[in-house]
Amino acid sequence: MAPKGELLGNKRKLANGSKDPSSKKPKFDKKQSHREDPEEDVSDGSEISDFSDADDGGAPLSNATSQNGPKSGNTQAGKVFEKGQNSRESHIKQRQLAQERKSQKPLADELHRTKKLWERLRLKSKVPKDERQKLVEELFSITTGRMKDFALKHDAVRVVQTAIKYATPERRKMIAKELRGAYPLLAESKYAKFLIGKLLVKGDEEVRDMIVPEFFGKVRKLINHPEASWILDDIYRGIATKEQKAILLREWYGPEFHIFRQTQQNETAPSAELSKILEENPSKRGPTMKYLLDMTNQLIQKKMTGFTMLHDAMYQYYINVKPGSEEAKEYMEMIKEDENGDLLKNMAFTKSGARLVCLLLAYGTAKDRKQILKTYKDTFQLMSTDPHGHLVILAAYDLIDDTVLTSKSIISELIGKTEQDEVSNIVISANDLNARLTIRYPLEGTSKALFDAGHADDLKLLEQLWEIRKTTSKKDPETRRKELVAALSPSLLAAIAASPLDLISTSHGSQLVAEALLSCVGDKSEALQAIASTAQGDPNEVEPSDGSANIPLPREHISKSTHVGRMLKTLVAGGHFDKASRRVIPVDPPLHFADILYPFIKDHMVTWATGASSFVVVSLLEAEDFSRKDELKGILKKNKKILEKAATEETPEQKAFKEALKAEGEEKKATKKGKKAGTKKEAPVGNMGSKLLLEKLKG
């Protein structure tokens with residue numbers, strides 16, 4: 001007999017991780033042993049022998065044995081189960097046991113009935129209104145007083161959501177009151193968090209004021225929770241009032257801000273401005289800034305970077321550190337170290353986040369700016385249409401000295417790489433309220449036409465960045481602007497030449513065309529010729545259409561559009577009108593657009609002179625570089641009577657405006673207020689452009 005140590009050694013694994021093949025028994029030996037002694041695997045004390053066929057779910061059979069013989073010695077009076085039938089019956093038995101366990105739980109019958117009601121109510125288009133009302137009443141009769149029990153069950157919370165959907169305002173308030181104290185717990189649920197959102201959306205201010213305060217003091221815990229963080233941020237971003245948002249954001253500054261958050265009666269509403277808090281308590285600056293940094297860094301490390309609340313907190317931190325200090329540099333590195341760049345990308349689409357990125361571009365080094373632009377690769381088009389993201393692009397235009405980098409990173413992506421993409425992207429951008437700024441800003445700067453009242457905050461931020469730029473940039477702003485215009489010019493001029501009608505069909509598109517032709521550099525002849533060609537044809541003629549789906553409906557002649565008339569007038573004048581000097585400042589080199597446009601409209605000059613775009617003809621007479629001015633005067637003098645008629649009769653626009661006033665009953669309202677008919681200023685009658693033309697012909 002071999003020693004014990006030698007026997008154990010044979011069972012050790014070999015160097016390659018496998019066992020010694022000689023230690024394994026052939027598989028057929030094992031099978032053969034079962035055939036020789038079928039009863040050796042089942043002992044008298046086996047657990048299998050303790051169960052009967054009825055308990056096992058098997059069906060009773062005849063005493064005849066199967067071909068393979070009995071599996072065990074205990075056959076219970078000859079009962080044998082066929083292959084496969086035992087498993088099926090066992091599953092049925094398991095389902096029965098599971099159903100019995102469910103029926104023993106609290107609210108089992110009620111839950112079963114409410115699920116049936118939910119199944120019916122969710123078929124919105126297939127349930128008659130009367131039947132739905134009855135189902136809703138039954139649903140509330142079951143759930144009223146037990147809303148919290150249903151909401152905390154993962155398979156019953158949908159029932160409460162349905163109740164909220166079809167409930168009256170009073171019942172929604174009742175549901176909100178019943179769920180008091182459970183909202184933070186519901187927010188942590190994968191399914192119940194949607195109940196909070198539905199209740200806030202469907203509810204009123206009273207419901208909001210019941211729910212939002214329950215999250216006070218729990219921000220640090222919930223913002224780190226994978227489920228609760230999203231509903232908390234949704235509440236902060238879109239539901240909470242200004243005061244409630246301040247209370248929630250103050251909890252990022254330290255535990256004392258949620259422990260002692262209540263304000264006294266004589267105190268003002270809490271403020272989330274960190275600068276004010278640090279000004280009142282300078283000694284707490286160190287702990288407050290550290291607490292805020294730890295909370296933001298914790299979320300960044302967890303890749304939970306899409307929260308508006310996080311971006312607001314980060315913005316408050318950065319504007320309260322000294323520019324160029326170690327704190328500011330470390331914060332910049334923390335943001336840049338995000339591997340996938342998700343943090344910077346998410347920040348671009350929130351108000352505070354976009355402003356923070358603009359400040360990072362302003363205070364950062366050339367290397368920092370390059371890395372930030374690299375992070376936004378393939379995102380600039382989406383950012384350009386965003387109410388906040390477009391600010392990052394405008395800031396990059398003003399702050400980055402390397403305009404080659406800017407044009408390759410931003411402009412090439414905004415415009416597109418192929419000629420077809422360039423045209424479509426420019427047409428889309430020209431008519432988007434935010435994207436149009438990213439195209440037109442280098443051309444016209446901070447004009448009122450571009451920065452309207454809706455973008456007043458954008459202009460304030462840019463002015464702040466200009467002050468910072470004085471200490472961080474070496475390039476002259478006008479030089480930078482001209483270099484960006486040079487990068488934009490080829491694509492803009494090519495798009496105008498390729499698709500002039502698509503661009504001038506809208507007001508914003510016409511503005512872009514006028515600014516591009518005045519400000520761009522390079523050969524503009526094809527673009528000017530394309531714009532002039534859109535004016536050809538009889539303005540009063542309408543092309544017939546056979547109604548085919550493949551043939552588009554005829555467009556109205558461009559002379560009927562006031563925005564096209566303004567564009568043509570500006571191009572004929574050759575520059576913008578300066579209010580200070582009361583004259584047109586021509587561009588260099590001059591466009592000479594009057595000579596290009598005249599051949600296309602001279603056959604219908606009288607129609608132009610008496611139509612909606614009559615000021616285009618006035619501009620032709622006033623243009624200093626128009627070489628065929630005498631010929632134009634001759635045409636107008638021959639048709640002086642037509643001009644006089646147009647100058648005295650109501651235009652179609654004036655008639656439509658007058659009829660609209662009558663429909664609204666403006667005259668009756670004026671009479672009721674006691675105003676005299678003679679005191680009301682009468683609207684001007686006649687074509688103003690035709691009147692000016694007659695005056696110029698007299699002179």
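Thresholds, definitions, all that
- Residues numbered from 1 in each chain as written.
- Predicted model: local features only at pLDDT ≥ 70, side-chain atom pairs only at ≥ 80, totals over all residues.
- Heavy atoms only, no water.
- Salt bridge = Lys/Arg side-chain N within 4 Å of Asp/Glu carboxyl O.
- Helix = DSSP H or I, 4+ residues; strand = E, 2+ residues; numbered from the N terminus.
- Expected span 1.5 Å × (residues − 1).
- Buried < 20%, exposed > 50% of the residue type's maximum accessible area, 1.4 Å probe, protein only.
- Contact = heavy atoms within 4.5 Å.
- Pairing = 2+ DSSP bridges.
- Axes fitted to C-alpha atoms, helices over the stretch in contact; angles between N-to-C directions.
- Left-handed = near helix turned anticlockwise from the far one by under 90°.
- Nonpolar A, V, L, I, M, F, W, Y, C, P; charged D, E, K, R; others polar.
- Phe/Tyr/Trp six-rings, centres within 6.5 Å; stacked < 30°, edge-to-face > 60°.
- Lys NZ or Arg CZ within 6 Å of the ring centre and 35° of its normal.
- Polar contact = N/O pair within 3.5 Å; in protein donor to acceptor, adjacent residues only side chain to side chain.
- Patch = residues over 30% accessible without salt bridge, like charges linked within 9 Å, V, L, I, M, F, W, Y side chains within 5 Å.
- Areas by Shrake-Rupley, 256 points an atom, 1.4 Å probe, with all protein chains shown as cover.
- Lys, Arg positive; Asp, Glu negative; His and termini not counted.
- Charge placed at Lys NZ, Arg CZ, Asp CG, Glu CD.

Q: Mind laying out the pattern of salt bridges, listing which residues take part and the relevant values?
A: By the definition in use, this model includes 24 salt bridges. Residue arginine 285 is joined to glutamate 327 by a salt bridge in which the shortest nitrogen-to-oxygen separation is 3.5 Å. Of this pair, arginine 285 sits in helix α18 (residues 285-301) while glutamate 327 sits in helix α20 (residues 326-336), placing them 42 residues apart in sequence. Among the ionic pairs, aspartate 338 bridges to lysine 303, the shortest N-O distance being 3.4 Å. Pair noted here: aspartate 338 is in the loop between α20 and α21 (342-347) and lysine 303 is in the loop between α18 and α19 (308-318), with a separation of 35 residues, a long-range link.

Q: Tell me what's going on with helix α26 (residues 403-415), and back it up with residues and numbers.
A: For α26, spanning 13 residues, the distance from its first C-alpha to its last is only 16 Å, which falls clearly below the expected 18 Å at 1.5 Å a residue. Most of α26 is tucked away, with 10 of its 13 residues classed as buried. Of all the positions in α26, only Thr403, Leu405, Thr406, Ser407, Ser409, Ile410, Ile411, Glu413, Leu414 and Ile415 are classed as buried. The inward-facing, buried residues of α26 abut α23 (366-375), α24 (380-384), α25 (389-399), α27 (419-430), α28 (435-444) and α30 (477-498). The first or second residue beyond α26 is glycine 416, which carries a positive phi of 110°.

Q: Describe the pairing of strand β1 (residues 575-578), and please don't skip the residues or the numbers.
A: Of the strand pairs in this sheet, β1 and strand β2 (residues 583-586) are connected by four bridges, and their pairing is antiparallel. Paired with histidine 576 across the two strands is isoleucine 585, which belongs to β2. Here β1 hands over to β2 after four residues, with arginine 582 in that stretch at a positive phi of 60°.

Q: So, the packing of α26 against α30: which residues are in play, and what are the values?
A: Describing two packed helices takes the angle between their axes plus the distance from one axis to the other. For the pair α26 and α30, the least separation of the axes is 10 Å and the interaxial angle reads 35°. Once α26 is placed against α30, the crossing between them reads as right-handed. Contacts between α26 and α30 involve Thr403, Thr406, Ser407, Ile411 and Ile415 from the first element and Arg480, Glu483, Leu484, Ala487, Leu488 and Ser491 from the second. Its residues assigned to classes, the contact of α26 with α30 shows five nonpolar, four polar and two charged.

Q: Break down the packing of aromatic side chains for me, citing the residues and quoting the values.
A: Under the definition given, this model contains seven aromatic pairs. These aromatic residues form a ring-pair network of at least three members: Tyr317, Tyr318 and Tyr331. Here the guanidinium or amino end of arginine 158 rests over the ring plane of tryptophan 118, the centre of that ring lying 4.8 Å away. Of note, lysine 245 hangs over the ring of tyrosine 236, and the distance from its end group to the ring centre comes to 5.1 Å.

Q: Which residues make up the environment of serine 519, and what values do they have?
A: Within the fold, serine 519 resides in helix α32 (residues 507-519). Looking at serine 519, the relative accessible area reads 23%, which means it is partly exposed. As for serine 519 and valine 587, which are separated by 68 residues in sequence, their C-alpha atoms are 7.8 Å apart. Excluding residues that lie within four positions of it along the chain, serine 519 makes contacts with Leu443, Val485 and Lys524.

Q: Mind laying out the side chain of histidine 311, listing which residues take part and the relevant values?
A: By secondary structure assignment, the location of histidine 311 is in helix α19. At a separation of 2.9 Å, a polar atom in the side chain of histidine 311 contacts the main-chain carbonyl oxygen of threonine 305. In this structure the side chain of histidine 311 is engaged in a polar contact, spanning 2.9 Å, whose partner is the side chain of threonine 350. Once you skip the residues sitting within four places of it in the chain, histidine 311 turns out to touch Thr305, Gly306, Asn346, Met347, Thr350, Ser352 and Gly353.

Q: How would you summarise a positive patch on the surface if you had to cite specific residues and measurements?
A: Together, Lys370, Lys374, Lys377 and Lys417 make up a region of like positive charge exposed at the surface. Since its relative accessible area comes to 53%, lysine 370 is described here as exposed.

Q: So, unusual backbone geometry: which residues are in play, and what are the values?
A: Looking along the chain, the bond that leaves aspartate 588 and enters proline 589 is cis, with omega of 0°. Its place among the elements puts proline 589 in the loop between β2 and α35 (593-601). Positive phi, normally seen in glycine, also occurs at lysine 303, with a value near 65°. A positive phi angle, near 60°, is found at arginine 582, a position not held by glycine. As for its position among the elements, arginine 582 is in the loop between β1 and β2. Given the relative accessible area of 63%, arginine 582 is considered exposed.

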